[in-house]
Amino acid sequence: MTAKRKMTGWLLAMVLLLTTAFPSGAFAATGDVVSIDIEGSGTTVELTVGKTKQLKVWGTTEGSTVKKDLTNAVSWSSSDSEVIKVTNGFLTSLKAGTVTIWADHAQGPKSSIQVTAKDSYKELTLEYSQKGKYKLGSSDKYLTVKALAAIEGSEGATKDVTADTDWSSSNSGVLTIEKGQITLVGEGTATITAKYSGLTATYKATVSSPYSELTLKYLVKGSDGVVKELPAEDIELVVGDSEAELKAESTSASDSTSKSDVSDKATWTSSDTAVATVEKGKIKALTVGKTTITVDYLGVKAQTDVYVRTPFEAILLDPSGDQSMFIGETLEVDAEVRSGVNESVIVSSDATWTSSNPLVATVSGGDISAKTAGTTTIKVSYKGISKSFKVTVNPTITKLAIEKKELDLFKGESISLPKVTATKLDEEEVDFSKEVKWTSSNEEVAKIKDGKIVAEDKGTVTLTAKLPETGVTSPAQIRSTEITVTLTVKEKVLALITEDEKLSIVIGEETKLPEVNAVWEDGEEASISDSIEWSVSGSNAVIKTTDNGKMIKGLTKGTASLKGTYSNKTISIPVTIEQKIVKVVVDPVNITLNVKKTKAIKVTGFYKDGKTVNLSSKVGWESSNPEVATISSTSVKAVAEGTATLKGSYQGYDVSVKVSVVPKLMKLTVDEKSLKLAPGSAKTVVVTAEYDNGKKSSVTGSASWTSSKPSVAKVTAGKIEAVAKGSATIKGVYDGKTVTVRVTVK
């Protein structure tokens, strides 16, 4: 019984839990609407007053993922029907405002959307005072502008949109405007523009000063104690003078007799506050120089120049210029002022001395004490004049060193001074180049100028660097150290020349390096073959030093670049490394050419393995008579009648070609074109050759003769012999041209 009671209680608890967790809608039957959504919900719909819009509702039903249009199946309502009314989702905006539109379904689901109705405007107008003409200094109440927007559809109704309008000024130097409030800046005109809801309104404003001018007066107290007002023109003051006073007086623009003291109200400025400052017209002279005092008040201004002088001309220091010290050293600097020619006063103890960095060095009465490594600026001032110099405090140095003790330069060249390195107590090395002073033992050879070594002429010179002499007490030991450099000045090489434009070497053989001459700028020329430094690119060849001097040896087949360097110039020669040639064949070895004609020569080289190589352009052809025939690469050109021999060589093999240049045959003629002979008789014809140079010669014996019918007539060297009855054609051919003779034997 107890067990049944417990089971019943447990079931009741489960039912209660399920009822709480899942309301009745959660157990909707298939086809029931479980949710609806107004299209665009979550956003704000905006309408212009008088406009309409159709809303739609989409619903989701139980058991389906496809949404249905339920616009006409829900109840619609508006939170304020006087602003926007709704009928079956159709919105009509009546007046400006914001409402919430609800859609309710009979089965429980709801949805809402916010809708805002806005007025539309047809015109923007501006309301302003003073007819847009303002005076600098005017009260803010006269400087307001109101923007009114005329509402569309409402007769005469407007809305004050001043705060929401976008305001701008065409000239911010005259006035600015923000939320309808004008701020006057200066004289002139500016157009004020207001923009709201697509509408624009403008008006032109004029800003002027209430005053016609501002006058400056210099107040001077006389010996009788009476203050006089003098014209403020080029005021002269001396450092240490008491304050000078100016008065600013304005003149009304509407009444020239109306004047006011505006000294306390005006704005005073000094163009150089280091020379003099000004406050409410009171000028305080600070140091020597010129400044312009300007007073400005409501659009009018006045100026005057103030010259501040000192009773002294200059301050002189001994020693002068920047100083270099070592930690622990002290230096005494004397200061004197000059008030005229040969007039000076020592003011070291009376002047004001300051150090920009007392951690580096301190100064008192001109006595400088070096404390730690660094730089500081020492300044001495006395009655309006001052002078500054830099003090560099160096760490304790044990030695000075330089990288190169020998230098080479070409005449006319210049290089930066060598870098000097100093070693500190902790063995750290620092650049000390700027601390030493360089001198030359012979400035005609080389001199020191603007931090550079300038080579003047050929020769050798010693350059010395040492720390400059100074008046420090207890000088550091390093100050006595000197560094010397030997400089050799050479004449500059203008060019390197060699007859070998390219080089061909054999694998495994050593070849002598090319002979090279140097041409200097002074025009001298000499062989530098023993001094030039050679190098070869790649691994196809190598430079060797032998008993006969330096040689180049071929290692593997290919190409390389032989580079020679001497002084300031280099020369490069292309190198070809190839196999040993065992035979060279030239084709042709004899050439006959007409004037101006050309012909190619082919030179073939044979390697041990039977492979060949074209050497036509590599043998270095030369003509024994260039006036008859020349050769370029592989092509022979006939220049004039005569003979010439072309010679070349490759890997020790000499080759030659004989060239004969003859005139060009223009025409070939025969004295008999037809003959009638009896059997057994003979006749010799004469063939004449005519050339392009006008010459004629008989070539009968040199021509090639043939007979079309040797059984009728035969021919030998132009002699035609009749053999038997019939007819035959005799032809003579010479140098490509032909003559014919018709023979009839009866």
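Residues numbered from 1 in each chain as written. Predicted model: local features only at pLDDT ≥ 70, side-chain atom pairs only at ≥ 80, totals over all residues. Heavy atoms only, no water.

Looking at an unreviewed UniProt entry, one finds the protein chain named BIG2 domain-containing protein, with Paenibacillus vini as its source organism.

Undergrad: When you look at the overall build of the protein chain in this model, what are you seeing that I'm missing?
TA: When its secondary structure is counted, the protein chain shows one helix and 79 strands. The globule rule puts the C-alpha radius of gyration for 746 residues at 27 Å, and the 58 Å found for the protein chain is more than 25% above it. Considered along the principal axes of its C-alpha atoms, the protein chain spans approximately 150 × 115 × 95 Å. Taking all 746 residues of the protein chain together, 36% fall into the buried category. (Helix = DSSP H or I, 4+ residues; strand = E, 2+ residues; numbered from the N terminus. Rg over C-alpha atoms; globule rule 2.2 N^0.38 Å. Buried < 20%, exposed > 50% of the residue type's maximum accessible area, 1.4 Å probe, protein only.)

Undergrad: For this particular structure, what's the right way to read a positive patch on the surface?
TA: A contiguous patch of positive charge, built from Lys502, Lys557, Lys611 and Lys618, is present on the exposed surface. By the element assignment, Lys611 lies in the loop between strand S63 (602–607) and strand S64 (612–614). (Patch = residues over 30% accessible without salt bridge, like charges linked within 9 Å, V, L, I, M, F, W, Y side chains within 5 Å. Areas by Shrake-Rupley, 256 points an atom, 1.4 Å probe, with all protein chains shown as cover. Salt bridge = Lys/Arg side-chain N within 4 Å of Asp/Glu carboxyl O. Lys, Arg positive; Asp, Glu negative; His and termini not counted. Charge placed at Lys NZ, Arg CZ, Asp CG, Glu CD.)

Undergrad: Can you help me understand the environment of Leu562 in this one?
TA: Note that Leu562 resides in strand S58 (residues 558–566). Relative accessible area serves as the criterion here: at 0%, Leu562 is assigned to the buried category. Considered as a pair, Leu562 and Ser535 are 27 residues apart in the sequence and their alpha carbons are 6.0 Å apart. Leaving out residues up to four positions away in the same chain, Leu562 has contacts with Leu503, Leu513, Pro514, Trp534, Ser535, Val536, Ile543, Ile552, Ile571, Ser572, Ile573 and Val575. (Contact = heavy atoms within 4.5 Å.)

Undergrad: I keep staring at unusual backbone geometry and nothing clicks. Help me out?
TA: For the bond running from Asp318 to Pro319, omega is 0°, close enough to zero to count as cis. Relative to the helices and strands, Pro319 resides in the loop between strand S30 (314–318) and strand S31 (323–326). Omega for the bond connecting Asp587 with Pro588 falls within 30 degrees of zero, at -5°, which places this linkage in the cis form. Mapped onto the elements, Pro588 comes out in the loop between strand S60 (581–587) and strand S61 (590–594).

Undergrad: Just checking my understanding: could you explain the confidence of the model for the protein chain for this structure?
TA: Overall, the predicted model of the protein chain reaches an average pLDDT of 88, with 95% of residues at or above 70. Predicted confidence for residues 1–8 stays below pLDDT 50, and this span has zero contacts to residues more than four positions away or in other chains. Every residue in residues 15–27 scores below 50 in pLDDT, and together they form one contact with partners more than four places removed in sequence or on other chains. (pLDDT = per-residue confidence, 0-100.)

Undergrad: Can you help me understand the side chain of Thr700 in this one?
TA: Turning to its location among the elements, Thr700 is positioned in the loop between strand S74 (696–698) and strand S75 (704–707). Look at Thr700 and you get buried, because its relative accessible area is 9%. If near-sequence neighbours (up to four positions away) are discounted, Thr700 is found in contact with Val685, Val686, Val687, Trp705, Ala717 and Gly718.

Undergrad: Which parts of the structure should I look at to understand the UniProt feature "domain: BIG2" (unreviewed entry) in the protein chain?
TA: UniProt records the feature "domain: BIG2" (unreviewed entry) at residues 32–115, 130–205, 224–307, 311–392, 396–477, 580–660 and 664–744, using the numbering of this structure. Taken end to end, residues 664–744 is 0% helix and 62% strand, and its two terminal C-alpha atoms sit 34 Å from one another. (UniProt positions renumbered as here; feature names shortened; annotations may be inferred.)

Undergrad: Is there a simple way to explain the side chain of Thr294 in this structure?
TA: Within the secondary structure layout, Thr294 lies in strand S28 (residues 289–297). At 3.0 Å, the side chain of Thr294 and the side chain of Gln303 are in polar contact. Those residues within four positions of Thr294 in sequence are excluded, and the remaining contacts are Thr267, Trp268, Thr269, Lys301, Ala302 and Gln303. (Polar contact = N/O pair within 3.5 Å; in protein donor to acceptor, adjacent residues only side chain to side chain.)

Undergrad: What am I meant to see in the pattern of salt bridges here?
TA: Pairing is possible between side chains that carry opposite charge, provided their charged atoms lie close to one another. Overall, the coordinates contain 18 salt bridges when judged by the stated rule. Put simply, Glu482 and Lys466 hold a salt bridge, and the shortest N to O gap is 3.6 Å. Linking Glu482 in strand S49 (residues 482–490) with Lys466 in strand S48 (residues 459–466), this pair joins segments that are 16 residues apart in sequence. Residues joined in a network through salt bridges with shared partners are Lys217, Glu229, Lys247 and Glu249.

Undergrad: How should the packing of aromatic side chains be read in this particular structure?
TA: Both the distance between ring centres and the angle between the ring planes are used here to describe each pair of aromatic rings. Evaluation of the coordinates by the stated rule reveals six aromatic pairs. Residues Tyr128 and Tyr203 carry aromatic rings whose centres are separated by 3.6 Å and whose planes lie at 5° to one another, so their mutual orientation is stacked. With Tyr128 in strand S11 (residues 121–128) and Tyr203 in strand S19 (residues 199–208), the pair connects residues that are 75 residues apart, well separated along the chain. Accessibility expressed as a relative area gives 5% for Tyr203, which makes it buried. Taking the ring centre of Phe606 as reference, the NZ or CZ of Lys583 above it sits at 4.5 Å. (Phe/Tyr/Trp six-rings, centres within 6.5 Å; stacked < 30°, edge-to-face > 60°. Lys NZ or Arg CZ within 6 Å of the ring centre and 35° of its normal.)

Undergrad: What am I meant to see in the sheet that holds strand S22 (residues 235–238) here?
TA: What holds strands together in a sheet is hydrogen bonding between their backbones, with the strands either parallel or antiparallel. Spatial ordering of the open sheet is given by S22-S29-S28-S25, a layout of four strands whose pairing is mixed. Of all strands in the sheet, those bounded by a partner on one side alone are S22 and strand S25 (267–270). Between one strand axis and the next, the sheet turns by 25° as a mean value, whatever way the strands run. Where S22 and strand S29 (residues 300–309) come together, four bridges link them in parallel fashion. Counterpart to Leu237 in the pairing with S29 is Val308. (Pairing = 2+ DSSP bridges. Axes fitted to C-alpha atoms, helices over the stretch in contact; angles between N-to-C directions.)

Undergrad: So what exactly am I meant to see when it comes to the sheet that holds strand S14 (residues 158–160) here?
TA: Taken in spatial order, the three strands of this open sheet run S11-S13-S14, and their pairing is antiparallel. Two strands lie at the open edges of the sheet, namely S11 and S14, each paired on one side alone. Across the sheet, the mean angle from the axis of one strand to that of its neighbour is 30°, orientation sign disregarded. The sheet contact formed by strand S13 (residues 145–151) and S14 spans three bridges and is antiparallel. Residue pairing for S14: Ala149 is matched across the bridge by Lys159.

Undergrad: Got a minute to help me understand the environment of Ile182 in this structure?
TA: Along the chain, Ile182 falls in strand S17 (residues 181–184). When neighbours within four sequence positions are excluded, Ile182 is seen to be in contact with Tyr134, Leu143, Val145, Leu175, Thr176, Ile177, Ile192 and Tyr203.

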